[in-house]
Amino acid sequence: MDDEGFVLVIGSAGIDVKGRPNSDELEYETSNLGRVRNSVGGVARNIAENLARLEVPTVLLSAVGDDAAGNRVLAHCEESGIDCSYVRQVPSGRTGTYLALLKTSGDLMVAISDFEIMSAVDRPFLLHNEALFAEAEMLVIDATLSLDALATVFELAERYNLRVCADPTTPALAGNLCDYIPKLFLVVPNAAETTALCGLANPAKDRESAIDAARHLVHLGADIAVVTLGARGLAYADSSGGGFIRAMHTQVVDSTGAGDAFTGAVIFGLVNEVRVDEAMRLGATAAALTVQNRATVIPELSQEMLYDELVI
Ligand SMILES: Nc1ncnc2c1ncn2[C@@H]1O[C@H](COP(=O)(O)OP(=O)(O)OP(=O)(O)O)[C@@H](O)[C@H]1O
Ligand SMILES: [Mg+2]
């Protein structure tokens, strides 16, 4: 990436609320004892924070409410080095929230995601910020964008010849990206998101089906496709082949943010023109470090930390 360049990340920024019960024997329709924590999240924002921590100049386009949560999100992003000057703060808007119930193991049991505020990232807002598209080096989006916003983003990406990386975010939203697969430089679904994204009958579940799903996405027109399988690892494909990388053995403290750390570190590699297989290893390393950390994005993440831990 040249000195002037920056990555433009467009999508959700909000608060994660995560509850971990003391026992996996939950009692329904009543209150259970456990630990509840909240942190700053949002898929696009998490990716942006990973990029900024890895010293990639990063500009975020998103929307938050004009409330305490919105101020907290903005302050945290700025502290981590993300340029938030273009984030829209919506008067009386409700800052996006991801409410997750974890198992005692730290894995996700179920979540509710409310990013209705993303309707403020609309066509007029994106067109108003067209100059950012003209100057960006690369574009990263999540699937919380409305259909109209997605159409506008790809129109602008084409106008300025920008590579677009996409995180399908969640199975319920991944399908919105289907029409754009041929226009994607990088797409990173997890196993559950592959069904909605590639029209597969069953989600990828093991090495073979994940490799098939990644190849299928490349066949549909994506330049690089990665299918992540959590603690099992990931399959990737591009026009020259692909492969499978096993996840590193780690102690899971909180798996939230693993996928976003993976995507952020892969994009860090790709903007720095490393080989695709090395970018995948950078991603797997960042993700493994992240699951060992309580935070959604490791505050101390750095290029040095990543390369120190890199598995060859
Ligand atoms: N328990 C783990 N141990 C080691 N590495 C892991 C673990 N969980 C995830 N990873 C790494 O992170 C990558 C992405 O994880 P995953 O498939 O869980 O993404 P995701 O479902 O998008 O996660 P997120 O909840 O952050 O969105 C995996 O391919 C793997 O390399
Ligand atoms: Mg994910």
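Residues numbered from 1 in each chain as written. Chains lettered and ligands numbered in written order. Predicted model: local features only at pLDDT ≥ 70, side-chain atom pairs only at ≥ 80, totals over all residues. Heavy atoms only, no water.

Colleague: Give me the overall build of the protein: which residues, what numbers.
Modeller: When its secondary structure is counted, the protein shows 11 helices and 14 strands. A buried classification covers 54% of the 312 residues belonging to the protein. Entry remark: accessible area of the protein is about 14,000 Å², with carbon and sulfur atoms responsible for 48%. Counting 22 positive and 43 negative side-chain charges, the protein places the averaged centre of each group 6 Å from the other. (Helix = DSSP H or I, 4+ residues; strand = E, 2+ residues; numbered from the N terminus. Buried < 20%, exposed > 50% of the residue type's maximum accessible area, 1.4 Å probe, protein only. Areas by Shrake-Rupley, 256 points an atom, 1.4 Å probe, with all protein chains shown as cover. Lys, Arg positive; Asp, Glu negative; His and termini not counted. Charge placed at Lys NZ, Arg CZ, Asp CG, Glu CD.)

Colleague: Would you mind going over the sheet that holds strand β12 (residues 224-228) in detail, with residue names and values included?
Modeller: The strand order across the open sheet built from 8 strands is β4-β1-β9-β10-β11-β12-β13-β14, with neighbouring strands paired in mixed fashion. On the outer flanks of this sheet lie β4 (58-61) and β14 (241-246), each paired with one strand and no other. Sheet analysis places strand β1 (residues 7-10) next to β4, joined by 4 bridges and oriented parallel. The partner of V9 across the bridge, within β4, is L60. Contacting β1, β4, β9 (138-142) and β10 (163-167), helix α1 (residues 43-53) runs over the sheet at an angle of about 170 degrees to β4. (Pairing = 2+ DSSP bridges. Contact = heavy atoms within 4.5 Å. Axes fitted to C-alpha atoms, helices over the stretch in contact; angles between N-to-C directions.)

Colleague: Let's hear about α1: which residues, and what values?
Modeller: Across the 11 residues that make up α1, a large majority, 11, are buried. Regarding α1, the residues found buried are V43, A44, R45, N46, I47, A48, E49, N50, L51, A52 and R53. Trailing α1 by a residue or two, E55 shows a phi angle of about 70 degrees, which is positive.

Colleague: Just give me the short version of the sheet that holds strand β8 (residues 108-114), but keep the residues and values in it.
Modeller: Here we have 4 strands laid out as an open sheet, ordered β3-β2-β7-β8, and mixed in their pairing. Two strands in the sheet have a free side with no partner beyond their single neighbour: β3 (34-41) and β8. Ignoring which end each strand starts from, the neighbouring axes of this sheet average 15 degrees apart. Where strand β2 (residues 14-21) meets strand β7 (residues 96-102), 6 bridges bridge the pair, whose relative direction is parallel. Following the sheet pairing, V17 is matched in β7 by L99. Running at roughly 65 degrees to β3, helix α2 (residues 68-79) makes contact with β2 and β3 of the sheet.

Colleague: So what's going on with the site of ligand 1? Residues and values would help.
Modeller: Every one of the 18 residues lining ligand 1 counts as a neighbour, but N190, T228, G230, G233 and G259 are closest to it. Here an oxygen atom of ligand 1 sits 2.9 Å away from a polar atom, N or O, in the main chain of G233. With respect to ligand 1, the backbone of G257 contributes an N or O atom lying 3.1 Å from an oxygen atom. Relative to its free-state accessible area of 630 Å², ligand 1 is covered by the protein chains to the extent of 83%. For the shell around ligand 1, the elements supplying multiple residues, two or more each, are β13 (233-238), α9 (258-271) and α10 (276-291). (Near = heavy atom within 4 Å. Polar contact = N/O pair within 3.5 Å; in protein donor to acceptor, adjacent residues only side chain to side chain.)

Colleague: Describe the nonpolar core, naming the residues involved and giving the relevant values.
Modeller: L186, I267 and M280 are the most contacted members of the largest nonpolar core, which totals 55 residues. Those elements that place two or more of their residues in this core are β1, α1, α2, β9, β12, β13, α9 and α10. Those residues within four positions of I267 in sequence are excluded, and the remaining contacts are I47, L51, M138, V140, C165 and L186. Residues F125, A166, A174 and L197 belong to the second largest nonpolar core, which totals 53 residues. (Core = buried A, V, L, I, M, F, W, Y, C linked by side-chain atoms within 4.5 Å.)

Colleague: Let's hear about the environment of V140: which residues, and what values?
Modeller: Counting through the fold element by element, V140 comes out in strand β9. For the pair V140 and D260, spaced 120 residues apart in the sequence, the C-alpha separation amounts to 12 Å. Once residues lying within four places of it in the same chain are set aside, the contact partners of V140 are V7, L8, V9, I10, I47, C165 and I267.

Colleague: Got a sec to walk through the environment of C165? Specific residues and values, please.
Modeller: Within the secondary structure, C165 sits in strand β10. The exposure class assigned to C165 is buried, which follows from its relative accessible area of 1%. C165 sits 60 residues away from A225 along the chain, and the two C-alpha atoms are 9.8 Å apart. Apart from residues lying up to four places away in sequence, C165 is in contact with M138, L139, V140, I141, F185, L186 and I267.

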